[in-house]
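One-letter residues, chain by chain:
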Amino acid sequence: MKASKKEIYGSRGGITSTATNGNGHGDKLDESLQSVFELALESHGPERTAQLLEKLAGQLRTTPRPVAGQTTPYINTIRPEEQPQYPGDRDIERRIKSIIRWNAMAMVVKANSNTNVGGHIASFASSATLYEVAQNHFFRGRTDDFPGDQVYFQGHAAPGMYARAFMEGRLDEQHLQNFRQELAGGGGLSSYPHPYLMPDFWQFPTVSMGLGPIMSLYQARFNRYLQARGLTNWKEEPKVWAFLGDGESDEPESLGAITLAARENLDNIIWVVNCNLQRLDGPVRGNGKIIQELEGLFRGAGWNVIKVIWGTEWDEIIRRDKSGLLLKRMDECVDGDYQKYIVEPGSYTRKHFFGKYPQLLELVNHLSDEQISKLLRGGHDVRKMYSAYKAATDHKGQPTVILAKTVKGYGLGEAGEGKNISHQQKKMNEKELREFRKRFNIPINDDVIADMPFFRPPPDSIESKYLLDRRKKLGGFIPARIVKPVTLDVPKLDYFTELLKAGKTEVSTTTAFGGLLRLLLRHKGISKCLVPIIPDEARTFGLDVLFREIGIYSAKGQLYEPVDRNILSFYNETKDGQILEEGITEAGSMASFIASGTSYASHGTPTIPFYIYYSMFGPQRVGDLFWLAGDIRAKGFLLGATSGRTSLNGEGLQHQDGHSLLLTSTVPTCLPYDPAFGFELTVIVADGLRRMYVEHEEIFYYLALYNENHPMPAMPGGAEEGILKGLYKFKPGAEDKKVKAHILGSGSIMQSALKAQEILAEKYGVSADVWSATSYKLLRSDAIRCQRWNMLHPTLPAKKSYVETLLAKETGAFVAVSDNIRTVPDQIAPWIPGGLFTLGTDGFGRSDTRERLRRFFGVDVESTVIGTLYALAEKKLIDRKVVAQAIKDLGVDPDMAQPEIV
Ligand SMILES: Cc1ncc(C[n+]2csc(CCOP(=O)(O)OP(=O)(O)O)c2C)c(N)n1
Ligand SMILES: [Mg+2]
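Residues numbered from 1 in each chain as written. Chains lettered and ligands numbered in written order. Predicted model: local features only at pLDDT ≥ 70, side-chain atom pairs only at ≥ 80, totals over all residues. Heavy atoms only, no water.

### Quick look at the overall build of the protein
Working step 1: Each helix and strand counted, the protein has 36 helices and 18 strands in total.
Working step 2: Per-residue burial for the protein yields a buried fraction of 58% across its 902 residues.
Working step 3: Once local pairs closer than 6 in sequence are excluded, the contacts in the protein between residues at least 24 apart make up 78%.
Working step 4: Total accessible area computed for the protein in this model is approximately 37,700 Å², and 53% of it derives from carbon and sulfur atoms.
Working step 5: Side-chain charges in the protein split into 109 positive and 108 negative, and the spacing between the mean points of these groups amounts to 2 Å. (Helix = DSSP H or I, 4+ residues; strand = E, 2+ residues; numbered from the N terminus. Buried < 20%, exposed > 50% of the residue type's maximum accessible area, 1.4 Å probe, protein only. Contact = heavy atoms within 4.5 Å. Areas by Shrake-Rupley, 256 points an atom, 1.4 Å probe, with all protein chains shown as cover. Lys, Arg positive; Asp, Glu negative; His and termini not counted. Charge placed at Lys NZ, Arg CZ, Asp CG, Glu CD.)

Spelled out as C-alpha cells, the structure:
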C-alpha cells in the first residue's frame with residue numbers, strides 16, 4: 001500500500017538536514033528538491049524513495065563536506081496512525097501506577113524523616129510509566145520451559161520496584177518501613193539492586209553507572225551462545241531489557257560496546273533510556289539534545305532507534321502545523337530550554353516556545369496555560385510507550401533502543417519536578433505531600449497524611465486482582481531470582497593424576513593451566529559447561545591450540561578462509577564454538593564471565609567460566625566489575641596470567657602486576673590463590689569445581705598464573721588441606737642445623753625461597769623450612785573471624801585460627817617473599833609467632849631481565865638469603881656480622897638503586 005505524501009513528509013519531515021545554506025539560493029533549491037521528492041514518492045512509493053535518498057547520501061559522503069547526521073526530526077519515531085490498540089485497562093493501570101508512585105515516594109521520605117539513610121524519589125517518578133507498561137504487558141516471568149526475560153532495572157529507581165512488589169504482596173509494610181535499613185529488626189530493603197543482599201529478589205546489580213548496560217549486552221550475546229551450543233531447552237528466547245539513565249550514557253561502559261549487539265544481530269535486547277534530561281547535578285546536555293545525540297550514536301552503531309518524545313496531546317498539534325515551523329522549533333530548542341518549560345508555568349512555554357514564531361501560537365490558542373503545562377512527554381504516555389515496546393519486541397535482526405523523554409521528579413511539583421536539585425530530594429513537607437496525593441488521587445486522609453502511611457488496596461480490589469492477573473498471564477513476578485540447584489558431575493582429584501606427578505620438563509603455571517583446561521575439556525561430566533573466555537591473548541598464554549579443538553564462537557560462523565588454515569591451531573570461528581574470544585575488551589570479557597558465572601541462576605543452566613587475561617588488566621582496569629561479580633553471586637575461575645612484578649619482565653611498568661592478589665582480596669566472595677606449582681593449581685581447581693557446582697557455594701576464584709618455566713614437583717603427601725586453606729610446609733629445612741627459620745613463598749617467586757633454603761643451610765648453618773603460601777587472604781579471613789569471636793566471648797576458651805594452629809610450635813624467624821607488594825603477605829603478619837619479615841615488589845615495575853629486576857626489588861635468591869639472615873639477627877638468633885658477611889659473599893650492593901615509593 002502506498003503511503004500518501006502527507007503521511008510521509010507532512011507529519012515527520014524525513015531525515016533532518018543540519019547543513020546550513022549560505023549561498024542565498026537555498027529557497028529555490030529547497031523547493032525544487034521538494035518537488036522531486038514528492039514526485040518520487042508519488043510514483044515509486046516510500047521504500048524506493050528511501051533507497052534512492054540513501055544512495056544519494058552515500059554519494060555525498062564521498063565528498064569532504066559533512067552530510068546530515070544520522071538523526072531524524074525531534075518527534076516520535078512511531079506515527080500516531082502506526083500505533084497499535086492499547087490492550088490494557090488504562091484506568092485501572094493508572095490507579096495502580098499512582099499507588100506505586102505514592103508508596104515509592106513514602107518509603108524514601110519516611111526513611112529520611114528519622115534517619116539519614118538517603119534514597120531517591122525523582123528517578124522513579126520519571127520512569128514509573130516505563131516500568132508499569134512493561135510490567136503489565138511485556139516482561140515475561142520464569143516458567144518451566146522459559147528462563148524469564150532478564151531485566152536490568154535502573155538502580156536509583158529501586159523504590160519503585162519495591163513499591164510494586166508490595167502491591168503484589170511479595171513484600172510487606174515492615175520491609176518498606178525498613179527501606180535502606182537492612183540491619184533493622186525484621187529485615188529491610190537494600191538501597192539498590194543487590195542480589196547478594198536480596199538473593200530471592202534482585203537478579204542484576206546496576207547501580208554503578210554503566211555496568212548494567214554493558215552487562216546486558218553481553219548477557220544477550222551469552223543467551224545466543226547458550227543456544228548455539230545446545231545448552232538450552234527454551235520454548236522461546238528471553239528478551240534482555242536494560243533500563244538506564246540518560247546521564248548514565250556518559251559512562252564509557254554504557255556506550256562502548258553497543259556495536260557488539262548490532263554486529264551480532266542481537267534482536268533479543270531492548271534498551272530503554274530514561275531521558276529525563278537531568279543527571280545528579282544538572283542537565284545532561286543543557287546545550288544540546290541528549291535524545292538526538294544518542295539517536296545518532298545508536299543509528300551509527302546499527303541499532304533500531306525508537307524515539308518517544310511527545311505524548312498523545314501533541315499529535316494533533318503536530319498534525320495541524322503545516323508550516324514545518326513547529327518541527328523547526330522543536331529541533332532548535334536545547335535540553336536546557338526543555339527543562340525550563342517544566343519548571344515554569346504554561347504561560348512561559350506559550351510565550352517562549354510557541355511564541356518564538358507567531359504562527360505557532362495559533363496551534364495552542366485553544367489550550368489554557370494549565371493545559372499547556374500538562375502536555376505530556378512521551379515517556380509518561382502509556383500508549384506511546386506501549387507502541388514503542390511492541391515495535392521493539394517485534395523488531396527482527398537488530399537490537400532496539402527506546403529513547404523515552406520524561407520529566408525528572410514527575411509529579412513532585414514544587415518539591416522537585418524538573419529542578420536541578422531533584423535527584424537529591426528525599427524529603428517532602430506536608431503541603432507537598434497533599435499536592436502529590438491530590439495529583440495522583442491517593443485515598444489517604446488529611447489527618448494521617450503527615451505520617452505518610454503506605455497504601456495497599458485489599459486483595460479483592462480491582463487493582464490488586466488486575467495487577468496479579470497480568471503478572472500471572474506473563475509467567476510470574478519480575479524481578480525474581482530463582483535458583484534451583486543443578487549439580488554437575490565434576491571430576492575428583494584422581495582424574496588429574498598426571499598433573500599431580502612431577503613434570504618431565506620445566507614449565508610455567510600458565511602452561512600447567514593449559515594442560516588442566518584441556519583435561520577438563522575431555523571430562524564427560526563438565527566439558528560442555530566450560531566457557532573459556534579470552535580477550536585477544538590466547539597466543540600469549542599458549543592456548544591457541546584450543547582454537548581448532550573447540551572453536552571460537554561466532555554467530556556468523558566463518559565467512560572467509562583464515563590465512564593460517566593449513567596449520568594445526570588455525571583461527572577457527574564456528575557457529576557452535578566454545579571459546580568466547582572477546583577482542584580487546586576486559587570490561588566485555590568480565591561481562592561475559594559474569595553472564596556465564598550466573599547462568600546457574602539466570603537460566604537454571606550452570607556453566608563454568610574460565611576467563612584468562614593479563615593480570616594487570618584485571619581488577620586494576622575493571623575492578624568495579626570484579627566487585628559486581630561478588631554482588632551478583634557469580635561463580636567461576638578468573639586466571640590472572642603473566643602475574644608478578646618481576647616474573648613478567650620485559651613488559652615494564654604498565655604490565656607488571658604485583659597487586660591483583662591484594663585487590664581481589666577485597667571482594668568478599670572471591671578466593672584469591674597464588675599457586676607455585678601445577679599440582680597446587682590442580683587441587684584448587686578441583687576443589688573449586690566441587691564447592692561451586694556440587695556444594696552450590698556462590699563464590700568465585702582468582703588464580704595468579706606466571707610465565708616463568710621451572711621444575712614442577714610431585715604433590716607432597718597430605719598437602720591438599722594446606723593448599724586449600726592457604727599454607728602448608730612444602731619442604732622442611734635441614735635437620736642438622738641449630739638456627740631455625742621459615743620462608744613463606746608463593747607463585748613463581750617460590751623458586752627464590754627454594755634456592756635460598758639451600759644456600760642458608762650450606763653457607764650459614766640455617767635450617768629454613770619452605771612453606772607454600774597459596775592464599776594469604778584466606779588465612780587472614782579465618783584469623784579475623786576467630787579474633788572477633790574471641791573479642792566478643794572473652795571468658796570462653798579462645799578459638800585458634802588455622803594459621804595460628806599450624807605455626808604454634810614453630811620457632812625461629814619468619815620471612816615471606818613474594819612477587820607482589822608486601823601488603824599481600826603482610827595480611828597475616830599479626831598471627832605469625834614473633835612477627836613476619838616480608839620481601840616484596842612495592843613500586844613501579846621496569847623492563848629488564850628477571851634476574852636484574854629481582855635484585856632491584858629485593859626478591860631474588862640472594863635477597864631472600866639476606867632477608868632471612870636479617871630477620872634472624874633482629875631476633876638475636878645470629879650475629880649481625882653474619883648478615884653483613886652474606887651481603888658481601890653474595891655480591892649484593894647495599895647502596896644500589898631501589899624502587900621509589902612515596
Ligand atoms: C559509576 C557511578 N558514578 C557515579 C554515581 C553517582 N550517581 C548516582 S545517580 C547519578 C546521576 C544519574 O543520572 P541519570 O543516569 O540521568 O539517571 P536519572 O536519575 O536521571 O534517571 C550519579 C552521578 C554512580 N551511581 N555510579
Ligand atoms: Mg537522567
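Resuming the write-up.
### Quick look at helix α36 (residues 880-889)
One full turn of an α-helix is made of 3.6 residues, so residues set three or four places apart face in the same direction.
Working step 1: The N-capping residue of α36, defined by a side-chain oxygen 2.9 Å from the backbone nitrogen of Lys881, is Asp879.
Working step 2: Positive backbone phi, at 70°, marks Gly891, one or two positions downstream of α36. (Polar contact = N/O pair within 3.5 Å; in protein donor to acceptor, adjacent residues only side chain to side chain.)

### Topic: the pattern of salt bridges
Working step 1: Per the stated rule, a full pass over the model turns up 56 salt bridges.
Working step 2: Between Glu417 and Arg439 there is a salt bridge, with the nearest N and O atoms lying 3.2 Å from each other. In this pair, Glu417 is assigned in the loop between β5 (400-405) and α18 (430-440) and Arg439 in helix α18, connecting sequence segments 22 residues apart.
Working step 3: Judged by its relative accessible area of 38%, Arg439 is partly exposed.
Working step 4: In this structure, Asp687 and Arg690 form a salt bridge, with 2.9 Å as the shortest nitrogen-oxygen distance. With Asp687 and Arg690 both in helix α28 (residues 678-693), this residue pair falls 3 residues apart, about one helical turn.
Working step 5: Among the residues examined, Arg690 registers a relative accessible area of 34% and is labelled partly exposed.
Working step 6: Through salt bridges with shared partners, a single network forms among Arg140, Asp145, Asp149, Lys235 and Glu236. (Salt bridge = Lys/Arg side-chain N within 4 Å of Asp/Glu carboxyl O.)

### Observations concerning the coordination of the magnesium ion (ligand 2)
Working step 1: Looking at the metal site, the magnesium ion (ligand 2) is ligated by Asp246 (OD), Asn276 (OD1) and Gln278 (O), spaced 2.0 to 2.1 Å from it.
Working step 2: We note that the donor set of the magnesium ion (ligand 2) lies within a single chain, spaced as D-x29-N-x1-Q. Placement of the pair is Asp246 in the loop between β2 (240-245) and α8 (252-255) and Asn276 in the loop between β3 (269-275) and α10 (290-300), with a sequence separation of 30 residues. The pair Asp246 / Asn276 is uniform in exposure class, with both members buried. (Donors = N, O, S within 2.8 Å, 3.2 Å for Na, K, Ca; no water.)

### Concerning the site of ligand 1
Working step 1: With respect to spatial proximity, 18 residues lie near ligand 1, and among them Ser123, Gln154, Asp246, Gly247 and Lys408 are the closest.
Working step 2: Note that an oxygen atom of ligand 1 is positioned 2.8 Å from one of the backbone N or O atoms of Gly247.
Working step 3: In this structure, an oxygen atom belonging to ligand 1 sits 3.5 Å away from a side-chain N or O atom of His423.
Working step 4: Considering only residue class, the shell around ligand 1 consists of 3 nonpolar, 10 polar and 5 charged. (Near = heavy atom within 4 Å. Nonpolar A, V, L, I, M, F, W, Y, C, P; charged D, E, K, R; others polar.)

### Observations concerning the packing of helix α3 (residues 90-114) against helix α20 (residues 462-473)
Working step 1: Remark: α3 packs on α20, axes separated minimally by 10 Å, with the N-to-C direction vectors making an angle of 100°. On the basis of their axis angle, the class for α3 and α20 is roughly perpendicular. Along its contact with α3, which presents Ile92, Glu93, Arg95 and Ile96, the element α20 presents Ile462, Glu463, Tyr466 and Leu467.
Working step 2: Class assignment of the residues belonging to the contact of α3 with α20 gives a composition of 5 nonpolar, no polar and 3 charged. (Axes fitted to C-alpha atoms, helices over the stretch in contact; angles between N-to-C directions. Parallel < 35°, antiparallel > 145°, perpendicular 65-115°, else oblique.)

### Focus: the sheet that holds strand β9 (residues 580-581)
Working step 1: Across the sheet, which stays open at both edges, the 6 strands sit in the order β9-β6-β10-β11-β13-β12 with parallel pairing between neighbours. Strands at the two margins of the open sheet, each flanked by one partner only, are β9 and β12 (670-673).
Working step 2: Examined bridge by bridge, β12 and strand β13 (residues 700-704) share 4 bridges and lie parallel to one another. By the bridge assignment for β13, Tyr673 is matched with Leu703.
Working step 3: Seen against the sheet, helix α24 (residues 586-597) touches β6 (530-534), β9, β10 (608-614), β11 (636-641) and β13 and runs at an angle of roughly 165° to β10. (Pairing = 2+ DSSP bridges.)

### Focus on the nonpolar core
Working step 1: Core analysis: the biggest nonpolar cluster contains 105 residues, and Leu217, Trp271, Trp303, Met330 and Met590 have the highest contact counts within it.
Working step 2: Ranked by residues supplied to this core, first place goes to helix α7 (residues 211-228) with 9 residues.
Working step 3: When sequence neighbours within four positions are dropped, the list of residues in contact with Met330 reads Tyr74, Ile75, Lys289, Trp310, Trp314, Ile318, Tyr338 and Phe353.
Working step 4: Counting 90 residues, the second-largest nonpolar core is a separate cluster that includes Leu521, Ile579, Leu689 and Met692. (Core = buried A, V, L, I, M, F, W, Y, C linked by side-chain atoms within 4.5 Å.)

### A short note on the pairing of β6
Working step 1: Most of β6 is tucked away: 5 of the 5 residues are buried.
Working step 2: Side-chain alternation along β6 places Leu530, Pro532 and Ile534 on one buried face and Val531 and Ile533 on a second face that is also buried.
Working step 3: Here 4 bridges tie β6 to β10, and the two strands are oriented parallel to one another. Among the inter-strand pairings, Val531 is bridged to a residue of β10, identified as Pro609.
Working step 4: In this structure, β6 lies alongside β9, joined through 2 bridges in parallel fashion. Note on β9: the bridge partner recorded for Ile533 is Leu580.

### A short note on the confidence of the model for the protein
Working step 1: Overall, the prediction assigns the protein a mean pLDDT of 94, with 96% of residues at 70 or greater.
Working step 2: Note that residues 1-24 has pLDDT below 50 and, in this model, 45 contacts with residues that lie over four places away or in other chains. (pLDDT = per-residue confidence, 0-100.)

### Thoughts on the sheet that holds strand β15 (residues 739-745)
Working step 1: Here 5 strands make up an open sheet; going across it, the order is β14-β16-β15-β17-β18 and the pairing mixed. With partners counted over all chains shown, the strands left at the sheet margins are β14 (727-731) and β18 (837-839), one partner each. Across this sheet, the average inter-strand angle for adjacent strands is 30°, counted without regard to direction.
Working step 2: The pairing of strand β17 (residues 813-817) with β18 spans 3 bridges and is classified as parallel. In the strand pairing of β18, Val817 is matched with Leu839.

### Some points on the packing of aromatic side chains
Both the distance between ring centres and the angle between the ring planes are used here to describe each pair of aromatic rings.
Working step 1: Taken as a whole and judged by the stated rule, the model has 55 aromatic pairs.
Working step 2: Ring geometry for Phe637 and Tyr701: centres 5.3 Å apart, planes at 40°, overall tilted. Of this pair, Phe637 sits in strand β11 while Tyr701 sits in strand β13, placing them 64 residues apart in sequence. Here the two residues Phe637 and Tyr701 agree in accessibility, since each one is buried.
Working step 3: If you follow Arg180 out to its NZ or CZ, it ends over the ring of Tyr192, 5.0 Å from the centre.
Working step 4: The ring of Tyr74 has Lys289 lying over it, and the distance from NZ or CZ to the ring centre is 5.1 Å. (Phe/Tyr/Trp six-rings, centres within 6.5 Å; stacked < 30°, edge-to-face > 60°. Lys NZ or Arg CZ within 6 Å of the ring centre and 35° of its normal.)

### With respect to α7
Working step 1: Under the 1.5 Å per step criterion, the end-to-end length of α7 is 25 Å for 18 residues, consistent within 8% with the ideal 26 Å.
Working step 2: Of all the 18 residues making up α7, 16 are buried; the element is thus mostly covered by neighbouring parts of the structure.
Working step 3: The positive-phi residue at the C-terminal boundary of α7 is Gly230, with phi of around 70°. (Expected span 1.5 Å × (residues − 1).)

### Examining a nonpolar patch on the surface
Working step 1: A surface patch of nonpolar side chains, about 250 Å² in accessible area, is lined by Leu52, Leu53 and Leu56.
Working step 2: In this fold, Leu53 is placed in helix α2 (residues 26-61).
Working step 3: Of the residues examined, Leu53 reaches a relative accessible area of 44% and is grouped as partly exposed. (Patch = residues over 30% accessible without salt bridge, like charges linked within 9 Å, V, L, I, M, F, W, Y side chains within 5 Å.)

### What to know about the environment of Arg456
Working step 1: By the element assignment, Arg456 lies in the loop between α19 (446-449) and α20.
Working step 2: For Arg456 and Asp624, which are 168 residues apart along the polypeptide, the C-alpha to C-alpha distance reads 38 Å.
Working step 3: If near-sequence neighbours (up to four positions away) are discounted, Arg456 is found in contact with Phe166, Met167, Gly169, Leu171 and Asp172.
Working step 4: Here the side chain of Arg456 touches Phe166 through a polar contact of 2.6 Å, landing on its backbone oxygen.

### Notes on the pairing of β13
Working step 1: For β13, the tally of buried residues reaches 5 of 5 residues, placing the bulk of the element in the interior.
Working step 2: Of the two faces of β13, the one carrying Phe700, Tyr702 and Ala704 and the one carrying Tyr701 and Leu703 are both buried.
Working step 3: Relative to β13, β11 runs parallel, the two being bridged by 5 bridges. Within β13, the position partnered with Gly636 by the bridge is Phe700.
Working step 4: The β-α-β motif built from β12, the intervening α28 and the parallel element β13 has right-handed crossover chirality. (Right-handed = clockwise from strand over helix to strand, strands pointing away.)

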